[in-house]
Structure formats: structure tokens, C-alpha cells
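Letter by letter, the chains look like this.
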Amino acid sequence: MSDGVRGDERLMVMLAVSVIVHDQTNGRVVLLRRGENKAFAPGMWSLPSGKGAPGEPITHTAVRELHEETGIKVEPEALRLVHVTHSAHSPDAPEGFVVLVFAAREWDGEPVNAEPGKHSTVAWVDTDDLPSEFVPSTRYALQRYLAGEYPEVAVDGWGDV
């Protein structure tokens, strides 16, 4: 078939977001440390992230997830798309997932661990001293953003593709 779909098969890829809250003046970003009980990347540092909800515009997903996890508020118009990752593996998404990484340089509030059952820490982290125990694909997106190398579409977990 010309559309790449065989029979009635449909690709069900999860859509997710990550948000870089970047305080350029002080050279820092908001990171969270995932809880030890998480199925994906337990105990590792990451950006505030989350899954899209049915019927929700993806910029609203980013605003919602950032606020739910950190207490920080941003307006959808303040978000800039800086990276896209298509990952092949996740416990929550057996057919893979796509992460849209947004950056926000304007926000309201200070970060707090608003979901202590999911994360052990939420904090400002110096951009010159990122933690070593960092989700690799997320670290890559953040490093590219900080280097001014964006946007890019990256693939993760697809072997030699």
C-alpha cells in the first residue's frame, strides 16, 4: 500500500513533551530527578516531561506537565520548539514515542517538587555542571539547545538507523 499501512494496522506512537526552563541570566535550567520506583530511567535526572492527553494541543500539554511537576507557569506562546526525539522503546509505549522538546525563557514561579511521589528532586541546575546520571536522549536535546544547535530530529533506540 502506498501509505505504508498494512491491512488495518495502525501505528500507535505516544506523544510526549519535555520543557527546558532556561534562566539565561544565571546560567541555569530546571531539572528533576526521577523517582527510584519509575519504570523508565529510575533515579536519573531529566527535564520536566509528560504525555499528551487526547484532544489536548501539545503546547498545552507542555504547560500542564511543567506546572504539575514543578509549579512553574508558562504561557503556550512563550514556548519554542527546539528538538524532536523519536524513541523506539518505552515501558509505557511499546511502539515507541515522540518527544517534542520546548524551551521557555519566560515563566512565573520558582521550582518545587510538586509530585514527590514521582520525583525525588526538582531544582535549578547550573548549565555548566549538568548531572552525569541523566536520561541520555534528554541530555542530548538539552546540550544541543544550550549550544544553539536546534531544531533537530533525532532517533533513539533504532539500532543503526
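Above: the structure in question.
Now for a quick tour of the structure. Nothing here was measured: the structure is a model prediction, and the numbers come from that model.

## Focus on the overall build of the protein chain
Turning to step 1, where the next piece is worked out: Along the protein chain, the regular secondary structure elements total 2 helices and 8 strands.
Turning to step 2, where the next piece is worked out: Each helix (α) and strand (β) of the protein chain, taken in turn from the N terminus, gives the series β-β-β-β-α-β-β-β-α-β.
Turning to step 3, where the next piece is worked out: Counting all 161 residues of the protein chain, 44% fall into the buried class.
Turning to step 4, where the next piece is worked out: Pairs at least 24 residues apart make up 65% of the contacts formed inside the protein chain by residues separated by at least 6 positions.
Turning to step 5, where the next piece is worked out: For the protein chain, the accessible area works out to roughly 8,900 Å², and carbon and sulfur atoms hold 51% of it.

## Brief notes about the pattern of salt bridges
Turning to step 1, where the next piece is worked out: According to the stated counting rule, one finds 7 salt bridges in the structure shown.
Turning to step 2, where the next piece is worked out: For Arg 28, the salt bridge goes to Asp 23, with nearest N and O atoms at 2.7 Å.
Turning to step 3, where the next piece is worked out: Across the pair Arg 64 and Glu 68 runs a salt bridge whose closest N-O atoms are separated by 3.4 Å. Pair noted here: Arg 64 and Glu 68 are both in helix H1 (residues 58–70), with a separation of 4 residues, about one helical turn.
Turning to step 4, where the next piece is worked out: The exposure class of Arg 64 is partly exposed, given its relative accessible area of 24%.
Turning to step 5, where the next piece is worked out: A single network of salt bridges, built from pairs that share partners, joins Glu 56, Arg 64, Glu 65 and Glu 68.

## Digging into the environment of His 22
Turning to step 1, where the next piece is worked out: Tracing the sequence through the fold places His 22 in strand S1 (residues 14–23).
Turning to step 2, where the next piece is worked out: Residues His 22 and Thr 127, 105 residues apart in the sequence, show an inter-C-alpha distance of 9.0 Å.

## A word on helix H2 (residues 136–146)
Turning to step 1, where the next piece is worked out: The set of residues buried in H2 consists of Ser 137, Thr 138, Ala 141, Leu 142, Arg 144 and Tyr 145. Along the long axis of H2, the arc covered by the buried residues comes to 160°, so they all point the same way.
Turning to step 2, where the next piece is worked out: At its buried positions, H2 is contacted by S1, strand S2 (28–34), strand S3 (45–46), strand S5 (79–87), strand S6 (97–104) and strand S8 (153–156).
Turning to step 3, where the next piece is worked out: Downstream of H2 by one or two residues, Gly 148 has phi in the positive range, about 75°.

## Overview of the pairing of S2
Turning to step 1, where the next piece is worked out: Burial analysis of S2 places 5 of its 7 residues in the buried class, the great majority of the element.
Turning to step 2, where the next piece is worked out: As judged from the 2 bridges shared by S1 and S2, these two strands associate in the antiparallel manner. Opposite Asp 23, over in S2, you have Arg 28 as the bridge partner.
Turning to step 3, where the next piece is worked out: The antiparallel pairing of S1 with S2 creates a hairpin that spans 4 residues between the two strands, and Gly 27 there sits at a positive phi of about 60°.
Turning to step 4, where the next piece is worked out: One ladder, built from 7 bridges, connects S2 with strand S7 (residues 119–126); its direction is antiparallel. For Val 29, the partnering residue across the bridge sits in S7 and is Val 125.
Turning to step 5, where the next piece is worked out: Where S2 meets S3, 2 bridges bridge the pair, whose relative direction is antiparallel. Counted as the bridge partner of Leu 32 is Ser 46 from S3.

## Quick word on H1
Turning to step 1, where the next piece is worked out: Taking 1.5 Å per residue as the helical rise, H1 with its 13 residues ought to reach 18 Å, and the 18 Å between its terminal C-alpha atoms agrees with that figure.
Turning to step 2, where the next piece is worked out: The complete set of buried residues in H1 reads Ile 58, Thr 61, Ala 62, Val 63, Glu 65, Leu 66, Glu 69 and Thr 70.
Turning to step 3, where the next piece is worked out: On the buried face of H1, the contacting elements are S1, S2, strand S4 (49–51), S5, S6 and S7.
Turning to step 4, where the next piece is worked out: Looking one or two residues beyond H1, the residue adopting positive phi is Gly 71, at roughly 80°.

Cut-offs applied
- Residues numbered from 1 in each chain as written.
- Predicted model: local features only at pLDDT ≥ 70, side-chain atom pairs only at ≥ 80, totals over all residues.
- Heavy atoms only, no water.
- Helix = DSSP H or I, 4+ residues; strand = E, 2+ residues; numbered from the N terminus.
- Buried < 20%, exposed > 50% of the residue type's maximum accessible area, 1.4 Å probe, protein only.
- Contact = heavy atoms within 4.5 Å.
- Areas by Shrake-Rupley, 256 points an atom, 1.4 Å probe, with all protein chains shown as cover.
- Salt bridge = Lys/Arg side-chain N within 4 Å of Asp/Glu carboxyl O.
- Arc of directions from axis to C-beta.
- Pairing = 2+ DSSP bridges.
- Expected span 1.5 Å × (residues − 1).

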